[in-house]
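Notes for the structure review
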Amino acid sequence: MSRAVQLEGRWLAQLAPEFEQPYMTALRAFLLAEKKAGKQLFPAGGEMFNAFAHTPLEQVKVVILGQDPYHGDGQAHGLCFSVRPGVQVPPSLQNIFKEIHAELGHPVPTHGHLTAWADQGVLLLNSVLSVQRGLAASHQGKGWEIFTDRVIDVVNAQCESVVFMLWGSYAQRKGAIIDRQRHCVLSAPHPSPLSAHRGFFGCGHFVAANEYLAAKGKTPIDWRLPG
């Protein structure tokens with residue numbers, strides 16, 4: 001993470017003070033030490049804040065909360081659940097696609113590159129924005145969670161009528177601060193193969209999100225992906 005983080009304008013206006021906080025100074029030092037020790041970090045430094053680049057604050061319609069970036073080669077690029085073109089679709093994302101197909105009849109995509117969602121206003125936010133190659137959850141508890149809690153707080157306070165999709169107990173705990181009167185909160189088990197059959201399948205979140213957005217006078221999300 002470079003000292004001069006490039007964030008989209010309105011995000012930067014809200015989040016700039018965070019980069020002066022002691023927790024962020026410690027996080028920056030941790031990441032620098034990891035790199036100096038020869039550890040490979042994902043996503044690449046310039047992509048850690050990709051979610052904010054693709055989805056400006058004033059355009060946020062939907063928030064999907066993930067936990068950590070993928071830790072395999074060539075996967076993570078700064079959007080939760082998303083992988084680069086040409087990379088095998090991970091199991092949880094396969095299940096998300098199955099649910100979209102069941103709800104809306106859209107064909108199951110052949111890739112997992114979700115920038116088309118992000119560019120429509122779906123903030124694909126991981127709780128932790130970096131990871132060591134091959135070591136899941138290796139950057140948890142280093143300060144990222146404080147930063148992304150603040151991101152959720154900003155969306156909660158600055159935006160109107162946003163749909164929050166909280167999948168799994170981790171995301172649900174992180175989303176506890178959301179004002180349910182001001183926003184739509186949709187909760188379900190996580191789409192991972194371990195839990196998808198306990199209520200993620202059949203959750204109806206993608207139809208519900210679009211119905212809510214339409215009722216609020218907003219353009220629904222086209223959950224299809226370009227080929």
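Refer to the structure presented above.
Worth saying up front: this structure is predicted, and the values here are computed from it rather than measured. Throughout, residues of each chain are indexed from 1 in the direction in which the sequence is written. Two thresholds apply to this predicted model, a pLDDT of at least 70 for residue-level local features and 80 or more for giving and counting side-chain atom pairs, whereas whole-chain, interface and lining totals are computed over all residues. Water and hydrogen atoms were dropped before computing side-chain values, which therefore reflect all heavy atoms in the structure.

1. Considering the packing of aromatic side chains
Worth spelling out the cut-off: Working definition: rings of Phe, Tyr and Trp (its six-membered ring) pair if their centres are within 6.5 Å, and the pair is stacked with planes under 30 degrees apart, edge-to-face with planes over 60 apart, and tilted otherwise. Comment: elements are numbered from the N terminus, with helices defined as DSSP H or I runs of at least four residues and strands as E runs of at least two. Only protein chains enter the accessibility calculation, which uses a 1.4 Å probe. A residue is then buried if its area is under 20% of the maximum for its type, exposed if over 50%, and partly exposed in between.
Under the criterion given, the structure shown has 15 aromatic pairs. Summarising the aromatic geometry, the rings of Trp11 and Phe52 are spaced 5.0 Å apart at their centres and angled 80 degrees between planes, so their arrangement reads as edge-to-face. Pair noted here: Trp11 is in helix H1 (residues 9–15) and Phe52 is in helix H3 (residues 50–54), with a separation of 41 residues, a long-range link. Each member of the pair, Trp11 together with Phe52, is buried. On the numbers, 4.9 Å between centres and 85 degrees between planes, the contact of Trp117 with Trp223 is edge-to-face. Residue Trp117 is located in helix H5 (residues 115–118), and its partner Trp223 is located in the segment after helix H8 (205–215); the two are separated by 106 residues in the primary sequence. Joined through ring pairs, the aromatic side chains of Phe81, Phe97, Trp117, Trp167, Phe200, Phe201, Phe206 and Trp223 make up one cluster.

2. A word on the pairing of strand E5 (residues 163–167)
What counts here: Two strands qualify as a pair provided that DSSP identifies no fewer than 2 bridges between them. Handedness rule for crossovers: strands pointing away from the viewer, path from the first strand over the helix to the second running clockwise, crossover right-handed.
Burial analysis of E5 places five of its five residues in the buried class, which makes it a mostly covered element. On E5, burial covers both faces: Val163, Met165 and Trp167 on one face and Phe164 and Leu166 on the other are all buried. Direction of pairing for strand E2 (residues 62–66) relative to E5: parallel, over a ladder of three bridges. Residue pairing in the sheet places Ile64 in a bridge with Met165 of E5. In this sheet, strand E6 (residues 184–188) lies alongside E5 in parallel orientation, the contact comprising five bridges. The partner of Phe164 across the bridge, within E6, is Val185. Once you follow E5 into helix H7 (residues 169–174) and on to E6, the crossover reads as right-handed.

3. Quick word on the nonpolar core
As a reminder of what qualifies: Here, nonpolar core means buried Ala, Val, Leu, Ile, Met, Phe, Trp, Tyr and Cys residues that are tied together by side-chain atoms lying within 4.5 Å of each other. Should any heavy atoms of two residues lie within 4.5 Å, those residues are considered in contact.
Trp11, Phe52, Trp117, Phe147 and Val155 are the most contacted members of the largest nonpolar core, which has 70 residues in total. With six residues, the top contributor of residues to this core is helix H6 (residues 144–158). Apart from the residues lying within four places of it in its own chain, the contact partners of Phe52 are Leu7, Glu8, Trp11, Leu15, Leu125, Leu129, Phe147 and Val151.

4. Quick look at the side chain of His106
Note on placement: His106 falls in the loop between helix H4 (91–104) and H5. Ignoring anything within four residues of it in the chain, the contact list for His106 reads Ile100, His101, Asp222, Trp223 and Arg224.

5. Some details on unusual backbone geometry
In this structure, Pro43 follows Phe42 across a cis peptide bond, with omega equal to -10 degrees. As for its position among the elements, Pro43 is in the loop between strand E1 (41–42) and H3. In this model, Phe81 sits at a positive phi of 70 degrees, which is unusual for a non-glycine residue. For Phe81, the position within the fold is in the loop between E2 and H4. Unlike most non-glycine residues, Ala137 shows phi in positive territory, near 65 degrees. Following the sequence through the fold, Ala137 ends up in the loop between strand E4 (131–132) and H6.

6. Things to note about the sheet that holds E5
We apply this condition: Here an axis means a line fitted to C-alpha atoms, over the contact stretch when the element is a helix, while the angle between two N-to-C directions is reported on a 0 to 180 degree scale.
Spatially, four strands are ordered E3-E2-E5-E6 in an open sheet, and the strand pairing comes out parallel. Each of the sheet's edge strands pairs with one partner strand only, and the pair in question is strand E3 (122–126) and E6. In this sheet, neighbouring strand axes are inclined to one another by 20 degrees on average, regardless of whether the strands run parallel or antiparallel. With respect to the sheet, H8 is in contact with E2, E5 and E6, its orientation differing from that of E5 by roughly 165 degrees.

7. Here's the deal with the pattern of salt bridges
It is possible for side chains bearing opposite charge to pair when their charged atoms get close. What counts here: Any Lys or Arg side-chain nitrogen found within 4 Å of a carboxyl oxygen on Asp or Glu counts as a salt bridge.
Considering all chains together, one arrives at eight salt bridges under this definition. One salt bridge in this structure joins Lys39 and Glu34, with 3.2 Å as the shortest N-O distance. Classification of Lys39 by relative accessible area gives partly exposed; the value is 34%. Here the salt bridges do not stand alone but share partners, grouping Glu18, Arg150 and Asp153 into one network.

8. Things to note about H4
Short version of the rule: Under the convention used throughout, the expected extent of a helix is 1.5 Å for every residue step, that is, one less than its residue count.
Taking 1.5 Å of rise per residue, 14 residues should cover 20 Å, and H4 covers 20 Å from first to last C-alpha, within 8% of that figure. Every buried residue of H4 is listed here: Ser92, Leu93, Asn95, Ile96, Phe97, Glu99, Ile100 and Glu103. Contact partners of the buried residues in H4: H5, E5 and H8. Immediately beyond the C-terminal end of H4, within one or two residues, lies Gly105, with a positive phi of roughly 80 degrees.

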